[in-house]
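In case you want the letters, here they are:
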Amino acid sequence: MILGALDQTDIDILNILQSDAAMAGKDIAKLVNKSTASVHERIRRLRTEGYIDKIVAIVNKGKVHKRIMAFSQVLLHDHTDITLLNFQQAVVKYPEVLECHQMAGNYDFLLKIVTTDIDTYHKFYLEKLSKLPNIVTVQSLFVLSEAKNETSIHLQL
């Protein structure tokens, strides 16, 4: 079982942190009916053991004028290990690329790209993405609206 090393309190703490990572330890302790020291120790352990990758603030894209989001599917000509690795290493350096996933199926990679406007996306595509070697095609899908955008994974025993 993937959650076998966790007890219900650990899972409750992870669910709380996923919804509000800025919540004070004493407030979390009240919610899980444990001491503040115990909660701090559990959070430290969860980080050390790799259950928590990082704690971040999620920025409102619209407030920082990042209004265009695209999912770009990339097909590479060559599928050797070095070609795939070189593409990944190059594309993750671009600040416009929020996510890079190697995929099974018709395309090799799926990129989540955010820019200020369509002209900025076009410039990114022309000056950066399309210049990478071994690309056969890029198909970009532009987000019109978001019905759901979650970062949390619901955990339970």
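Refer to the preceding data block for the structure.
As a starting point, this report considers the structure included with it. (Residues numbered from 1 in each chain as written. Predicted model: local features only at pLDDT ≥ 70, side-chain atom pairs only at ≥ 80, totals over all residues. Heavy atoms only, no water.)

Structural notes on the sheet that holds strand E2 (residues 97–102)
Within the open sheet, the four strands sit side by side as E2-E3-E1-E4. Their pairing is antiparallel. In this open sheet, the two edge strands, each paired with only one partner strand, are E2 and strand E4 (135–142). Strand-to-strand, the axes of this sheet are offset by a mean angle of 20°, without reference to chain direction. The pairing of strand E1 (residues 68–76) with E4 spans seven bridges and is classified as antiparallel. Pairing of Ser-72 across the sheet is with Ser-140, part of E4. (Pairing = 2+ DSSP bridges. Helix = DSSP H or I, 4+ residues; strand = E, 2+ residues; numbered from the N terminus. Axes fitted to C-alpha atoms, helices over the stretch in contact; angles between N-to-C directions.)

Some remarks on the side chain of Thr-83
Summarising the element assignment, Thr-83 is placed in helix H4 (residues 81–91). Here Thr-83 falls in the buried class, since its relative accessible area comes to 8%. A polar contact of 3.4 Å, which involves the side chain of Thr-83, links it to the side chain of Asp-78. In terms of polar contacts, Thr-83 uses its side chain to reach the side chain of Thr-80, at 2.8 Å. Setting aside anything within four residues of it in sequence, one finds Thr-83 in contact with Leu-76, Asp-78 and Asn-134. (Buried < 20%, exposed > 50% of the residue type's maximum accessible area, 1.4 Å probe, protein only. Polar contact = N/O pair within 3.5 Å; in protein donor to acceptor, adjacent residues only side chain to side chain. Contact = heavy atoms within 4.5 Å.)

Quick word on the side chain of Asp-108
Of note, Asp-108 is situated in the loop between E2 and strand E3 (109–115). Among buried charged residues, Asp-108 stands out as having no salt bridge; its nearest opposite-charge side chain is Lys-93, 20 Å away. Of the polar contacts made by the side chain of Asp-108, one reaches the backbone nitrogen of Leu-76; its length is 2.6 Å. Apart from the residues within four sequence positions on either side, Asp-108 is in contact with Val-74, Leu-75, Leu-76, His-79, His-101, Gln-102 and Met-103. (Lys, Arg positive; Asp, Glu negative; His and termini not counted. Salt bridge = Lys/Arg side-chain N within 4 Å of Asp/Glu carboxyl O.)

Observations concerning the pairing of E3
Counting buried positions over the seven residues of E3 gives six, a clear majority of the element. Relative to E3, E1 runs antiparallel, the two sharing seven bridges. Residue pairing across strands places Gln-73 opposite Leu-110, the latter belonging to E3. Across five bridges, the pairing between E2 and E3 is antiparallel. Paired with Gln-102 across the bridge in E3 is Phe-109. Taking the residues that link successive antiparallel strands as the turn, the E2-E3 hairpin has six residues, and the phi of Gly-105 there is positive, at about 120°.

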